[in-house]
Amino acid sequence: MKAHETLEFNVMKQKLAELSLSANVKSKITALTPYKNIEEVRYKLKETTEAKQIVLSLGNAPLAIMKDIDTYLELAVKGGMLSAEELSEVSQFLGTCKKMKAYLKRAENNYIDLGCLGNSINDVSVVYDEIENAIANQSVNDRASNTLRDIRRQIGITQERVKEKLNSILRGNKTWFADSFITTRNGRLTLPVKKEHRARVSGVVVDTSQTGSTVFIEPEAVAKLQDELFLLQLDCENEIRRILYQLSGTVAEHEHIIKMNIEAMETLDFIFAKAKLSIQMKAQAVDVRLEPEIIIKNGYHPLLNRDTAVPLNFSINEKNFGVIITGPNTGGKTVALKTVGLLQLMIQSGLHIPVDADSFFCMRDACLVDIGDGQSISENLSTFSSHMTNIIKIIDRATPQSIVLLDELGSGTDPAEGMGLAVAILEELMRKGCLIMATTHYPEIKEFAANTKGFINARMAFDKVTLKPLYALEIGEAGESCALYIAKSLGLPERILNRAHEAAYNKVLWGVEPIERKKSVIRVEKKKDEPTRAEKFNLGDAVLIYPDRKIGIVYRVADDKGNLGVQIKKEKQDINHKRLKLHVAASEMYPADYDFSIIFDTVANRKARMKMGKRHIEGLKIESEE
């Protein structure tokens, strides 16, 4: 999303991804977007808080990289043979799972709820022990089977016998040989015989040196032993393959629970990455509410150096829903906007933020942003055109649950028209009922904010003596561009300054009529044609009723309180939609014109309905069971 890029939320997600180990988790972090449900936000923040608490008390969590484990499982299930190296990686993963389970058990013993996630890690000791017993240093060891151990012992004995015979020949006829040691060529043990003495050594020429001056001969005296050795090595390779196939089969048998462990470890990787990011930023969780109010106390932009940055103190609410920030260029107005927006996105994504603990945020359905000049040569858009295109989209999307951040509102065009547009845009967003934060240089906008109920001025502090910005936001007072102060310090004559001040400020400013502002509601507004959850249940739907998980049939659709009529066996009850879950839709069980009175009405009522459909009968009535 463009707003996420503008507010550098993508950069924060990249930092979070760098703290995770699994490639799948890195992908999930890249796709992370703010949650829309307050309970989900609070749950995700609680996860981060508890993971941080565990790390600070027990040290870093034992997490696994899990590279290619899925691929190995797939190969094993298809009947393929995993190599010793691949089986070692599976074993390492399972060993890490054991460590993580023990790690979380310690957390659970310290009464940290997140420790219970250790119960989602399955014990796969059977697979782990079998692989560890058979493989060491990424190769099959002699403990894997008695047969392998015996074959390797025979190979060793035979190799020694071959070497003894060859060394005996070497020692007895040193002048025949180019070197005084045995050489392996093409998998056979040979003697390096000088070309002129080839006829003196009876045997097969296995190879020749590059110069041709040396031939490598396998003497007849060891040929039979070498054949035995070759057969033993074949037996050894076959036994190793048998063992690897057996171990691969064991992995395949436990594929399901190993996959469950992968999912559990990926979940934990995500959670502990959030904890590590919190520790890095010296951040914490804060309360998230439904009421439209944000209070930031000593907040920092997460990408700025906290040792040199000036903390942000900011508030906005239903009463003061629009904050207009003014002040000099490079004074920190844009940074203040970006800080509020980024912290809003982070907290709604379950991430801790660098603020004081008594700060709090509210749920927003969108963070709508127009920051930066957005000039585009390829799209033939000027700075002003880009701003307007973006603002039109913002106005279209804005709801009473949105927060809108506008930088340099009305800039890039004729000042009078730009100011007029800025006022009109603010009024429209006011009607929409959003929370609004905007920066501007226009004095008329300051006046608009001062005279319009619900808007409040704020300024970026500026030292008029040193002519340096202080980067601190001060709520309640309008700021100045400070251009005249800067011009004076540079030596501009006083008469020119006075004339500039008169031209800039000696004007009659308009008053603004009160505008009715929509009240923010707790729930996110639905589109007109989008049914609520309660309205999605239809007559005849089979539903599960919680917590007992009984099955009932909807006999009356939802009322304005979200209560539905549900028939459980032959008993009719009123049950709130929050306790219901669709089991089987009516459309899957009954034809479109099905008469549900067959199910829900008594025989007497059905007969009465049929008679009433034909004519009026005095005294005839339908008995309601409600």
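Being a predicted model, the structure only gives us computed values, none of them experimental. (Residues numbered from 1 in each chain as written. Predicted model: local features only at pLDDT ≥ 70, side-chain atom pairs only at ≥ 80, totals over all residues. Heavy atoms only, no water.)

**Focus: the overall build of the chain**
In step 1: When you go through the chain residue by residue, the secondary structure sums to 18 helices and 21 strands.
In step 2: A buried classification covers 44% of the 626 residues belonging to the chain.
In step 3: Total accessible area on the chain is roughly 34,000 Å²; 51% of this is exposed by carbon and sulfur atoms. (Helix = DSSP H or I, 4+ residues; strand = E, 2+ residues; numbered from the N terminus. Buried < 20%, exposed > 50% of the residue type's maximum accessible area, 1.4 Å probe, protein only. Areas by Shrake-Rupley, 256 points an atom, 1.4 Å probe, with all protein chains shown as cover.)

**Regarding the confidence of the model for the chain**
In step 1: Averaged over every residue, the pLDDT of the chain is 86; the share at 70 or more is 87%.
In step 2: In the predicted structure, residues 507-513 sits below a pLDDT of 50 and forms nine contacts with residues beyond four places in sequence or in another chain. (pLDDT = per-residue confidence, 0-100. Contact = heavy atoms within 4.5 Å.)

**Section: the sheet that holds strand 6 (residues 214-219)**
In step 1: Strand order in the open sheet formed by four strands is 3-4-6-5, with antiparallel pairing between adjacent strands. Two strands lie at the open edges of the sheet, namely strand 3 (183-185) and strand 5 (203-208), each paired on one side alone. Recorded for the sheet is a direction-independent mean angle of 50° between the axes of neighbouring strands.
In step 2: Note that strand 5 and strand 6 share five bridges and pair antiparallel. (Pairing = 2+ DSSP bridges. Axes fitted to C-alpha atoms, helices over the stretch in contact; angles between N-to-C directions.)

**Examining the nonpolar core**
In step 1: In this structure, F314, L406, L426, L429 and F455 are the most contacted members of the largest nonpolar core, which totals 79 residues.
In step 2: If one sorts the elements of this core by residue count, helix 11 (residues 333-347) sits on top with eight residues.
In step 3: Counting 50 residues, the second-largest nonpolar core is a separate cluster that includes I54, M66, L82 and C236. (Core = buried A, V, L, I, M, F, W, Y, C linked by side-chain atoms within 4.5 Å.)

**A word on the pattern of salt bridges**
In step 1: In the structure shown here, the tally under the stated rule is 18 salt bridges.
In step 2: R188 is the salt-bridge partner of D227, the closest N and O atoms lying 3.0 Å from each other. Highlighted residues: D227 in helix 9 (residues 220-253) and R188 in strand 4 (residues 188-194), separated in sequence by 39 residues.
In step 3: With relative accessibility at 41%, the residue D227 sits in the partly exposed group.
In step 4: Judged by its relative accessible area of 18%, R188 is buried. (Salt bridge = Lys/Arg side-chain N within 4 Å of Asp/Glu carboxyl O.)

**A look at the packing of helix 4 (residues 38-58) against helix 6 (residues 84-109)**
In step 1: Orientation of helix 4 relative to helix 6, taken along the N-to-C sense of each, is 100°, at an axis distance of 11 Å. Taken as axis vectors, helix 4 and helix 6 run roughly perpendicular relative to one another. Residue-level contacts link I54, V55 and L58 of helix 4 to Y103, L104, R106 and A107 of helix 6.
In step 2: A breakdown of the residues in the contact of helix 4 with helix 6 according to their chemical character gives six nonpolar, no polar and one charged. (Parallel < 35°, antiparallel > 145°, perpendicular 65-115°, else oblique. Nonpolar A, V, L, I, M, F, W, Y, C, P; charged D, E, K, R; others polar.)

**What to know about the side chain of S402**
In step 1: By the element assignment, S402 lies in strand 13 (residues 402-406).
In step 2: Among the polar contacts made by the side chain of S402, one reaches the side chain of D365 at a distance of 2.9 Å.
In step 3: Filtering out sequence-adjacent residues up to four positions away, S402 remains in contact with R364, D365, A366, L368, R397, C434 and L435. (Polar contact = N/O pair within 3.5 Å; in protein donor to acceptor, adjacent residues only side chain to side chain.)

**A few points about a nonpolar patch on the surface**
In step 1: On the surface, F230, L231 and L234 cluster together into a nonpolar patch covering about 280 Å² of accessible area.
In step 2: For F230, the position within the fold is in helix 9.
In step 3: Judged by its relative accessible area of 45%, F230 is partly exposed. (Patch = residues over 30% accessible without salt bridge, like charges linked within 9 Å, V, L, I, M, F, W, Y side chains within 5 Å.)

**A few points about the sheet that holds strand 21 (residues 580-584)**
Backbone hydrogen bonds hold the strands of a sheet together, and the pairing may be parallel or antiparallel.
In step 1: The strand order across the open sheet formed by five strands is 20-19-18-17-21, and the pairing between neighbours is antiparallel. Looking at strand neighbours, the two that pair on one side only are strand 20 (571-576) and strand 21, the edges of this open sheet. When strand polarity is set aside, the average angle formed by the axes of neighbouring strands in this sheet is 45°.
In step 2: Relative to strand 21, strand 17 (residues 542-545) is paired through four bridges, and the arrangement is antiparallel. In the sheet register, I545 faces strand 21, and the bridge partner there is L580.

**Observations regarding the environment of Q159**
In step 1: Considering the arrangement of structural elements, one finds Q159 in helix 8 (residues 146-172).
In step 2: Residue classification places Q159 among the partly exposed residues on the basis of a relative accessible area of 27%.
In step 3: Between the alpha carbons of Q159 and L229 there is a distance of 7.0 Å; along the sequence they are 70 residues apart.
In step 4: When residues no more than four places from it in sequence are discounted, the contact partners of Q159 are L229 and Q233.

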